[in-house]
Every structure is written in structure tokens, then in C-alpha cells.
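Tertiary structure, described
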Amino acid sequence: MAPNDRWSLDFVSDQLTDGRCFRILTVVDDCTRECLALVADTSLSGARVARELDRLVIERGKPKTVVSDNGSELTSNAILTWADQSRVAWHYIAPGKPMQNAFIESFNGRLRDELLNETLFTSLAQARVALGCWRADYNDARPHSRLVWRTPSEFAFTCHPRRDLALRYAEGSAPAPVAIIWSTGRGWGHPF
């Protein structure tokens, strides 16, 4: 697989210290293991998810496939319309089979163990800041065994098509000629 071949989406719920609940949309690139988004809010509708996906597409390009469960937000008309208009394949896992979306389930477990279970959030603003810091640490500072002990950001950098190759071969992909042919003004010939 390559970056943007498959993104996995899911939701995680948590609670503020005053008892109000909030949800977090988690998005992971299955190839690079990068956390693409952690969006926290009290309500995350299908339309909001579609807006967040539009933002991600602008930032890093369009995925070939998105994988999610059959939650009402992710089966809404807003998501079906987004997938159709964006020409992105959307794959729904079988109901009650979270192991079919193992990348995001593993990621969500790590997020819950390392941040959500360890932090008392007093406000949504505090939760968003903490999620942003955790995401930066996860992507940029932690080596991952499945990525040959590179961070997701380092691994993603090695996977992305190298833009400088297109410039290097602007003349074409054929090898350079052995002899140089010059125009003499009277036709084409060798410089000798």
C-alpha cells in the first residue's frame, strides 16, 4: 500500500469534568500510520465529517478508499454525497466486526490509554489543545516498529513520490546521448 491508498475513520467518546460528553473523529492513513485528524466537538454530524475530509484532501490529497463502521454519521446522505462527488470508494466494515478496521481500532486504543484515560478535561478547548499536542507527538516523535522504527512522519516522507524526480527527468527518461550533435548553421553534425 501507499500513502492515501486507504484512510480509516472512527469516533471515540469522552467526558469533560462537568459531565458533558464530547466525541473525537479519528482519521489514520493505514500505510504511513499517520494520524491525519483528531477533531473534538460535542456533535459531529455527517456534514461536519465531510467538511473535515475536504480539509484533509486539500492538505494531503485524495484517498483511494475510506474505511469506517456503519455509524449513522458515516452512513448519512452527507457522507454518501461526499464520497460520490469526490470519487472516493467508501468501504463499510461488517456490523459488530471492529477487527475489520484494525488500524483505527489499535490507534483508538492507544489514544484512550495514553491520553483520554490519563487526562481530566475541563473544557473542549483544553481537549483540543491536548489532542493536538498528542497528535504531534504521535506523528513526529514516536518510532513505530511496523515502520522500521521510524516515526509516521519520517516514514510518510520516504513514501511520498519524490517531486524532484520529475524535474530531474524533464528532458525525458531516456539516457543522455553518448555523442553531442551541434547545429553548424549548414545542418546538423558533430562539433569536431
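Sequence order as written defines residue numbering, which begins from 1 separately in each chain. At least 70 in pLDDT is required for a residue's local features to be given in this predicted model, at least 80 for side-chain atom pairs to be given and counted, and no such filter applies to totals for whole chains, interfaces and linings, which use all residues. To get the side-chain values, all heavy atoms of the structure are used, and hydrogens and water are removed first.

As a further point, take the overall build of the protein chain. Scanning the protein chain from terminus to terminus reveals six helices and seven strands. Numbered from the N terminus, helices here are DSSP runs of H or I no shorter than four residues, and strands are runs of E no shorter than two. Reading the protein chain from its N end, one meets helices and strands in the order β-β-β-α-β-α-β-α-α-α-α-β-β. Relative to all contacts within the protein chain whose residues are 6 or more apart in sequence, the contacts with residues 24 or more apart total 57%. Areas reported here follow the Shrake-Rupley algorithm with a probe of radius 1.4 Å; residue values treat only the protein chains shown as occluding. With an accessible surface of roughly 11,500 Å², the protein chain has 55% of that area assigned to carbon and sulfur atoms. The criterion used for residue contact is that any of the two residues' heavy atoms lie within 4.5 Å.

Right, let's talk about the layout of surface pockets for a bit. Think of a ball as big as a water molecule: rolled over the atoms, this probe shows where empty space is left. When its volume is computed, the largest pocket comes out at roughly 160 Å³. Computed over the protein atoms alone on a 1 Å grid, cavities are sets of points where a 1.4 Å probe fits but cannot get out and pockets are open sets with protein on both sides within 12 Å along at least five of seven lines; a residue lines them when it has an atom within 4 Å of a point. In this structure, the largest pocket is lined by 11 residues; those nearest its centre are Glu34, Leu36, Glu59, Arg60 and Arg135. Grid points are joined across faces, edges and corners, and a volume is the space filled by probe spheres set on the points.

Next up on the list: helix 3 (residues 102-114). Multiply 1.5 Å by the residue count of a helix minus one, and that product is the helix's expected span. With 13 residues, helix 3 should reach 18 Å at 1.5 Å per residue; the first-to-last C-alpha distance of 18 Å fits that figure. Residues of helix 3 that are buried sit in contact with strand 1 (6-15), strand 2 (21-29), strand 3 (35-41) and helix 4 (124-140).

Here we take up the sheet that holds strand 3. Being paired, for any two strands, means DSSP has found at least two bridges between them. If you walk across this open sheet you meet the five strands as 3-2-1-4-5, and the pairing is mixed. Each edge of the open sheet is held by one strand with a lone partner, namely strand 3 and strand 5 (89-92). Sheet twist, expressed as the average angle between the axes of neighbouring strands with direction ignored, equals 20°. As defined by bridge partners, strand 4 (residues 65-68) adjoins strand 5 across four bridges and the pair is classed as parallel. By the bridge assignment, Val66 is partnered in strand 5 with Trp90. The convention used is that axes are lines fitted to C-alpha atoms, helices contributing only their stretch in contact, and that angles between N-to-C directions extend from 0 to 180 degrees. Across the sheet, helix 1 (residues 46-60) lies against strand 1, strand 2, strand 3 and strand 5, angled at about 150° from strand 3, the strand it touches most.

Another point: the confidence of the model for the protein chain. The predictor attaches a confidence to each residue, called pLDDT, with possible values from 0 through 100. When pLDDT is averaged across the protein chain, the result is 85; 82% of the residues are at 70 or more. Overall, residues 179-183 carries pLDDT values under 50, and its contacts beyond four positions in sequence, including any with other chains, amount to 10 contacts.

This part takes up the side chain of Ser8. Position of Ser8 relative to the elements: it lies in strand 1. Working definition: with a 1.4 Å probe on protein chains only, accessible area under 20% of the residue-type maximum means buried, over 50% means exposed, and in between means partly exposed. Accessibility expressed as a relative area gives 0% for Ser8, which makes it buried. Polar contacts here mean pairs of N or O atoms no more than 3.5 Å apart (in protein, one a potential hydrogen donor and the other a potential acceptor; neighbouring residues in sequence count only if both atoms are side-chain atoms). Within polar-contact distance, the side chain of Ser8 engages the side chain of Asp30 at 2.8 Å. A polar contact of 3.0 Å, which involves the side chain of Ser8, links it to the side chain of Asn101.

Helices that pack against each other are described as a pair by the angle of their axes relative to one another and the distance between those axes. Between helix 3 and helix 4, whose axes approach to 12 Å, the crossing angle comes to 120°. Between helix 3 and helix 4, the angle is such that the two are oblique. As helix 3 packs across helix 4, the resulting crossing turns out to be right-handed. Here Phe107, Arg110, Leu111 and Glu114 of helix 3 lie close against helix 4, whose contacting residues are Leu131, Trp134 and Tyr138. Charged residues are taken to be Asp, Glu, Lys and Arg, nonpolar residues to be Ala, Val, Leu, Ile, Met, Phe, Trp, Tyr, Cys and Pro, and polar residues to be all remaining types, Gly included. Class assignment of the residues belonging to the contact of helix 3 with helix 4 gives a composition of five nonpolar, no polar and two charged. Angle categories: roughly parallel below 35 degrees, roughly antiparallel above 145, roughly perpendicular from 65 to 115, and oblique for all the rest. If you view the pair so one helix is near and one far, a crossing is left-handed when the near helix is turned anticlockwise from the far one by less than a right angle, and right-handed when it is turned clockwise.

What follows covers helix 2 (residues 77-86). Looking at helix 2, one finds that the buried residues are Ile79, Trp82, Ala83 and Ser86. Looking straight down helix 2, one finds its buried side chains confined to an arc of 95°; they lie on one side. What points out from helix 2, more than 90 degrees from its buried face, is the exposed set Asn77, Asp84 and Gln85. Summarising the contacts, the buried residues of helix 2 are in contact with helix 1 and strand 5. Looking at the residues trailing helix 2, positive phi occurs at Arg87, about 60°. For this quantity, the arc is that covered by the directions from the helix axis to the C-beta atoms.

On to the environment of Lys64, then. Tracing the backbone through its elements, the reader meets Lys64 in the loop between helix 1 and strand 4. The sequence separation of Lys64 and Arg87 amounts to 23 residues, and the corresponding C-alpha distance is 8.2 Å. Dropping the residues within four chain positions of it, Lys64 is found in contact with Asn4, Asp5, Val88 and Ala89. Side chain to side chain, Lys64 and Asp5 meet in a polar contact 3.2 Å long.

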